[in-house]
Amino acid sequence: MKILVTYISMSGRNEKIAKHLSDYLSKSAEVDLEQMVDADAYSIPEYDAVIVVTYTYGDGQVPDEAQDFYEDLLDVDLERTKFAVLGSSSKTHIHFGRAVDYFTMQLNSANGEQVADSVKINEDPDEDDMKRVERLGDYVIKSIE
């Protein structure tokens, strides 16, 4: 089993989340952890699953640094590759976690198969948030076993 965990992080929150998830998943699968600016959307079908970790920028936009990856998904057939999306945001924003929703829609449009409900984390993740992240990981593992 091979999983790609790709993330974009401005404050370090999503990097922390992605690393925790990668460490957790590596007990059961081979995991590649890549910053989204270095990840190649066209390589996703080579994986059994992909997990996207994003933050939401400004008024609910996909972060600028994630735009190339996001737009490349329009040209990729994920061939039913399993996926999940999560990320941090702030509930003070009117569009809390909207980039998570945008990535979910984009991956679905690219013929991916969503295997876990999206997880949105308010600001810095606490212990309960990390348990939600691990449950998301469990769903991904179960879907590719």
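Residues numbered from 1 in each chain as written. Predicted model: local features only at pLDDT ≥ 70, side-chain atom pairs only at ≥ 80, totals over all residues. Heavy atoms only, no water.

Just give me the short version of the layout of surface pockets, but keep the residues and values in it.
Gaps left between atoms show up when a probe the size of a water molecule is rolled over them. Approximately 190 Å³ is the volume found for the largest pocket. In this structure, the largest pocket is lined by 13 residues; those nearest its centre are R13, Y55, T56, S89 and H93. Those elements that place two or more of their residues in the lining of the largest pocket are α1 (13-25) and β4 (82-89). Residues belonging to the lining of the largest pocket are distributed by class as follows: three nonpolar, nine polar and one charged. (1 Å grid on protein atoms, 1.4 Å probe; cavity = no way out; pocket = protein on both sides within 12 Å on 5 of 7 lines; lining within 4 Å. Points joined across faces, edges and corners; volume = space filled by probe spheres on them. Helix = DSSP H or I, 4+ residues; strand = E, 2+ residues; numbered from the N terminus. Nonpolar A, V, L, I, M, F, W, Y, C, P; charged D, E, K, R; others polar.)

Can you tell me about the pairing of strand β2 (residues 30-35), naming the residues and giving the values?
In terms of strand pairing, strand β1 (residues 2-7) meets β2 through six bridges, oriented parallel. When the bridges of β2 are listed, L4 appears paired with D32. For the segment spanning β1, α1 and β2, crossover handedness is right-handed. (Pairing = 2+ DSSP bridges. Right-handed = clockwise from strand over helix to strand, strands pointing away.)

For helix α4 (residues 127-144), give the residues involved together with the corresponding values.
End to end, α4 covers 26 Å across 18 residues, agreeing with the expected 26 Å (1.5 Å per residue, within 8%). Taken residue by residue, α4 has D129, M130, V133, L136, G137, V140, I141 and I144 as its buried positions. Down the axis, α4 shows its buried residues gathered within 140° of arc, on one side only. Facing away from the buried surface of α4 by more than 90 degrees, the exposed residues are E127, D128, Y139 and K142. (Expected span 1.5 Å × (residues − 1). Buried < 20%, exposed > 50% of the residue type's maximum accessible area, 1.4 Å probe, protein only. Arc of directions from axis to C-beta.)

How would you explain helix α3 (residues 98-109) if you had to name every residue and give the values?
A rise of 1.5 Å per residue sets the reference length of α3, with its 12 residues, at 16 Å; its end C-alpha atoms lie 17 Å apart and thus fit the reference within 8%. Within the sequence span of α3, burial applies to A99, V100, F103, T104, Q106 and L107. Angular distribution of buried residues about the axis of α3 spans 165°; they occupy a single face of the element. Taken together, the buried residues of α3 touch β3 (49-53), α2 (67-72), β4, β5 (113-114) and β6 (119-122). At the exit of α3 stands N111, carrying a positive phi of roughly 75°. (Contact = heavy atoms within 4.5 Å.)

Give me the packing of aromatic side chains: which residues, what numbers.
Across all of its chains, the model carries two aromatic pairs by this definition. Plain terms: the ring middles of F69 and F103 are 6.4 Å apart, the flat faces sit at 40° to each other, and that makes the pair tilted. Highlighted residues: F69 in helix α2 and F103 in helix α3, separated in sequence by 34 residues. As far as the burial class goes, F69 and F103 line up, both buried. Between Y70 and F103, the aromatic rings sit 5.1 Å apart at their centres with planes inclined by 85°, giving edge-to-face as the arrangement. Note that Y70 is positioned in helix α2 and F103 in helix α3, a separation of 33 residues in sequence. Side by side, Y70 and F103 carry an identical accessibility label, which is buried. Joined through ring pairs, the aromatic side chains of F69, Y70 and F103 make up one cluster. Over the ring of F96 we find K91, and its NZ or CZ is 5.7 Å from the ring centre. (Phe/Tyr/Trp six-rings, centres within 6.5 Å; stacked < 30°, edge-to-face > 60°. Lys NZ or Arg CZ within 6 Å of the ring centre and 35° of its normal.)

The analysis is restricted to geometry; functional conclusions fall outside its scope.
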